[in-house]
Structures are given as structure tokens and as C-alpha cells.
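Listed below are the residues making up each chain.
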Amino acid sequence: MTRRWLIPALFLLCGSLVAAGSALRGGPGPAAGLLAVFTLLAVLHSPLAFPRSLGVAEARRRSAADGRPVVLWRPGCKYCLRLRLRLGRDARRVHWVDIWRDPEAAAAAREVNGGDETVPTVFVAGGARTNPPVEWVRAQLAAPAGDS
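This report concerns the structure included in the present document. (Residues numbered from 1 in each chain as written. Predicted model: local features only at pLDDT ≥ 70, side-chain atom pairs only at ≥ 80, totals over all residues. Heavy atoms only, no water.)

### Points about helix 4 (residues 78-87)
Item 1. Within the span of helix 4, buried status applies to Cys80, Leu81, Leu83, Arg84 and Leu87. On an axial view of helix 4, the arc spanned by its buried residues comes to 160°, and they lie on one face. Residues Lys78 and Leu85 are exposed on helix 4 and point more than 90 degrees away from its buried face.
Item 2. The secondary structure elements touched by the buried residues of helix 4 are helix 2 (28-44), strand 1 (70-73), strand 2 (95-98) and helix 6 (134-142). (Buried < 20%, exposed > 50% of the residue type's maximum accessible area, 1.4 Å probe, protein only. Helix = DSSP H or I, 4+ residues; strand = E, 2+ residues; numbered from the N terminus. Arc of directions from axis to C-beta. Contact = heavy atoms within 4.5 Å.)

Shown next as C-alpha cells:
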């Protein structure tokens, strides 16, 4: 659990130190701006930037029922964040599974990625793709269940 929050905590700690140094040298205005930037970076690299994470078993069950993709991700992954941001509102329609919270999900990622926990890994209709283009993920959301 603490691993998920390490990167955001480091962003906040570094941001606080940089902002404090800036406040001592130049005043509160630039310091507040720096702190805001580091806080935004912390939020983007935290689990808060993603829809609620499910367990992989529950996500697969839901995916079998509705045909929507299951995305394995982890906090701090720039490729996961890019997929999340580029999906926009469609991200809520995908089943997200944090591999750092679910050891079974981490094992599923290793199984399809040659032993590596490479993310984002997207499962849909019994197949998997690693770091797919956002257009492909959107097409999976639009396709009827069973088509890929």
C-alpha cells in the first residue's frame, strides 16, 4: 500500500522544500506557484488520477458481462497516465486494476509480458495488448461484446 503513495509523497516533499526555499528568497507568490505545480504532479502520479480500482477477478467478471476492457495499471506509470488522460471521459467505462494492490493482477501482467509487470496491459475478449494506442482501446469500448 505504501508503494502506491511513495511517488506522490516525494513530489509533495520536494515541492514543499523547493517552495520553502523560494519563499525565503523571493516571497510567497512564486513559492505558492511552485507548490501548486508539485501538488498537481503528486495528484497525477497518485491513484487519485484513476477511476476506482477493482480486483482482477471482479474486473474480469464484469468484463465478461459487459465486454469492456480491463486495464492493468500502476501508480507513477507515465504510459498508464497518458492512456488515462487521453481516454478522457471514456476512462470511466474501462475496468481499471492496480497491479500494486492486487498480486493476482501483477501475475496476470507477468504472464502476458514475458515475466515483466509491464503496464498498461489491456485485456479484452480473452486477448491482451500491452501499451495499446488509445484509439484501439476506444474501439474496444465501441465494439459489441466478443468482437476485437
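### Describing the side chain of Thr121
Item 1. Structurally, Thr121 can be placed in strand 3 (residues 121-124).
Item 2. For Thr121, the side chain forms a polar contact with the main-chain oxygen of Thr118, separated by 2.6 Å.
Item 3. In this view, Thr121 contacts Val70, Val71, Leu72, Val112, Asn113, Ala128, Arg129 and Thr130; residues no more than four positions away in its chain are not counted. (Polar contact = N/O pair within 3.5 Å; in protein donor to acceptor, adjacent residues only side chain to side chain.)

### Some remarks on unusual backbone geometry
Item 1. Of note, the bond from Val119 into Pro120 is cis; its omega dihedral lies within 30 degrees of zero at 0°.
Item 2. Following the sequence through the fold, Pro120 ends up in the loop between helix 5 (103-112) and strand 3.
Item 3. Not every positive phi belongs to a glycine, and Asn131 is a case in point at roughly 50°.
Item 4. Mapped onto the fold, Asn131 is located in the loop between strand 4 (127-130) and helix 6.

### A look at the sheet that holds strand 2
Item 1. An order of 2-1-3-4 is seen for the 4 strands of this open sheet, with the pairing classed as mixed. In this open sheet, the two strands that pair with only one neighbour each are strand 2 and strand 4. Neighbour to neighbour, the strand axes of the sheet diverge by 20° on average, direction disregarded. (Pairing = 2+ DSSP bridges. Axes fitted to C-alpha atoms, helices over the stretch in contact; angles between N-to-C directions.)

### Some points on the packing of helix 4 against helix 6
Relative placement of two packed helices is described by the angle separating their axes and the distance separating the axes.
Item 1. Put simply, helix 4 and helix 6 touch, their axes get as near as 10 Å, and they point 55° apart. Regarding the angle of helix 4 to helix 6, the classification is oblique. Classified by chirality, the crossing of helix 6 by helix 4 is right-handed. Along its contact with helix 4, which presents Leu83, Arg86 and Leu87, the element helix 6 presents Val134, Glu135, Val137 and Arg138.
Item 2. The residue inventory of the contact of helix 4 with helix 6, partitioned by class, reads 4 nonpolar, no polar and 3 charged. (Parallel < 35°, antiparallel > 145°, perpendicular 65-115°, else oblique. Left-handed = near helix turned anticlockwise from the far one by under 90°. Nonpolar A, V, L, I, M, F, W, Y, C, P; charged D, E, K, R; others polar.)

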